Structures are given as structure tokens and as C-alpha cells.
Amino acid sequence: MATNGSTMLKPLRQGLPPLDPAAVSSAASCALPARYEAVREARQFTRRTLDQWDLGDRFDDVCLVVSELVTNALRHALPANTPRPAEQSAPVRLHLMRWTERLVCAVRDPSDESPVARDTDDFSAESGRGLFLVDSFADGWGWHPLAGTINGKVVWAMFRLQQPPSAE
């Protein structure tokens, strides 16, 4: 039975789930250049960060999602023929934020266009499945436009973290 992509991927346009900023225990970000090697750089940054946060066991799922979000930003938000000012040499930014029970990966890009899941039933296709993979591996995801003077949007994915056993 084929599923309609629009039902699988709702809700798309929403902010981050309610999170208490005071409870953020760790945050890290890196600027990524507008070239496809940036995906490898994002994976390496994610590996180092998750190891520092003692979350290496989540690396495979988180890395897959980070790779898809960064690839989408490079492919769709930065078309190859778009002229870029010199100050935009690193227009994509990856943010990793850790709360006690959640990890959020957020990718910022300069496009105002909403992320769109391709309506494809061809699961052997080489591309077009990125947001379906994000939806499958993350516990939630969404996007929101940036406010103020910064153009673009943030696409985020959230992972629930296991609570460490309480010492009693």
C-alpha cells in the first residue's frame, strides 16, 4: 500500500518542540561551505560532538539525519547557478543542541523555500527520499523561517535520549 507523502510528513512548518532553554546542557555548531564535501565535514563534526557528549551510541541515526539535512540544504537551498556574495562562503550552518532528554540537529540555510518531500513510490531511486529518511530515523522534525534580518530557514530533527539510571 502506497502512503501519501503529505500524511507521512506532517507537520512540516512548525518551530522546535517546547524545550526549556535553561535546560540546554550542551550546544555546538559549525559553518559549512557551499560544496558537497560539507556533508563529510558535517558527519565528522557530529561524530566528534556526540563522542564529547557521551552519545556515540546514537551516532548512526543522528549522522544519517545530519547527512540528509545538509545534503538537502546544499542541493535545494543553494542551486549551483546562484551567485553568492563573498561573505556567504559558508551559508549553511549545522547546530547540535542537547537537553537532558533530547538531542536536536538543526541546519540553517539561506533559502526561504519550505522543504518538500518528493512524492515517489520508487524506493530504489538514488535521490528524493531524504525527508522520508529523516522522518523514519528521528523522533520528530520540522522547519521554520528565520526571523529578523537573517534570510532563510532552519530545518530540524529531534531525537529522544535515554535517561541515565538514577543513582539511589
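In case you missed it, the structure is sitting above this.
Since the structure is predicted, the reported quantities are computational estimates derived from the model, not experimental observations. (Residues numbered from 1 in each chain as written. Predicted model: local features only at pLDDT ≥ 70, side-chain atom pairs only at ≥ 80, totals over all residues. Heavy atoms only, no water.)

### With respect to the nonpolar core
Formed by 33 residues in total, the largest nonpolar core has its most connected members in L32, V66, V70, L94, A157 and F159. For this core, the secondary-structure elements that each account for two or more residues are strand 1 (26–32), helix 2 (37–52), helix 3 (59–77), strand 2 (92–98), strand 3 (102–109), helix 4 (130–137), strand 4 (140–145) and strand 5 (153–160). When residues of this core are assigned to their parent elements, the largest contribution, 9 residues, is made by helix 3. Apart from residues lying up to four places away in sequence, F159 is in contact with R58, D61, V62, V65, E101, R102, L103, C105, F137, A138 and D139. Counting residues in each nonpolar core, the second largest holds 7 residues, with M97, A106, V154 and M158 among its members. (Core = buried A, V, L, I, M, F, W, Y, C linked by side-chain atoms within 4.5 Å. Buried < 20%, exposed > 50% of the residue type's maximum accessible area, 1.4 Å probe, protein only. Helix = DSSP H or I, 4+ residues; strand = E, 2+ residues; numbered from the N terminus. Contact = heavy atoms within 4.5 Å.)

### Here's the deal with the side chain of T71
Here T71 shows up in helix 3. A distance of 2.7 Å separates a polar side-chain atom of T71 from the backbone oxygen of S67. (Polar contact = N/O pair within 3.5 Å; in protein donor to acceptor, adjacent residues only side chain to side chain.)

### Notes on the packing of aromatic side chains
A complete count under the given rule lists 0 aromatic pairs for this structure. Sitting over the face of the ring of F59, R47 holds its NZ or CZ atom 3.6 Å from the ring centroid. (Phe/Tyr/Trp six-rings, centres within 6.5 Å; stacked < 30°, edge-to-face > 60°. Lys NZ or Arg CZ within 6 Å of the ring centre and 35° of its normal.)

### Here we look at the pattern of salt bridges
One pass over the full model with this rule turns up 5 salt bridges. A salt bridge links E37 to R35; the nearest nitrogen and oxygen atoms lie 2.9 Å apart. In this structure E37 comes out as partly exposed when scored by relative accessible area, which is 37%. As a salt-bridge pair, D139 and R160 come within 3.9 Å of each other at their nearest N and O atoms. Placement of the pair is D139 in the loop between helix 4 and strand 4 and R160 in strand 5, with a sequence separation of 21 residues. A relative accessible area of 37% means that D139 is categorised as partly exposed. Looking at R160, the relative accessible area reads 51%, which means it is exposed. Taken together, the shared-partner salt bridges connect R35, E37 and E41 into one network. (Salt bridge = Lys/Arg side-chain N within 4 Å of Asp/Glu carboxyl O.)

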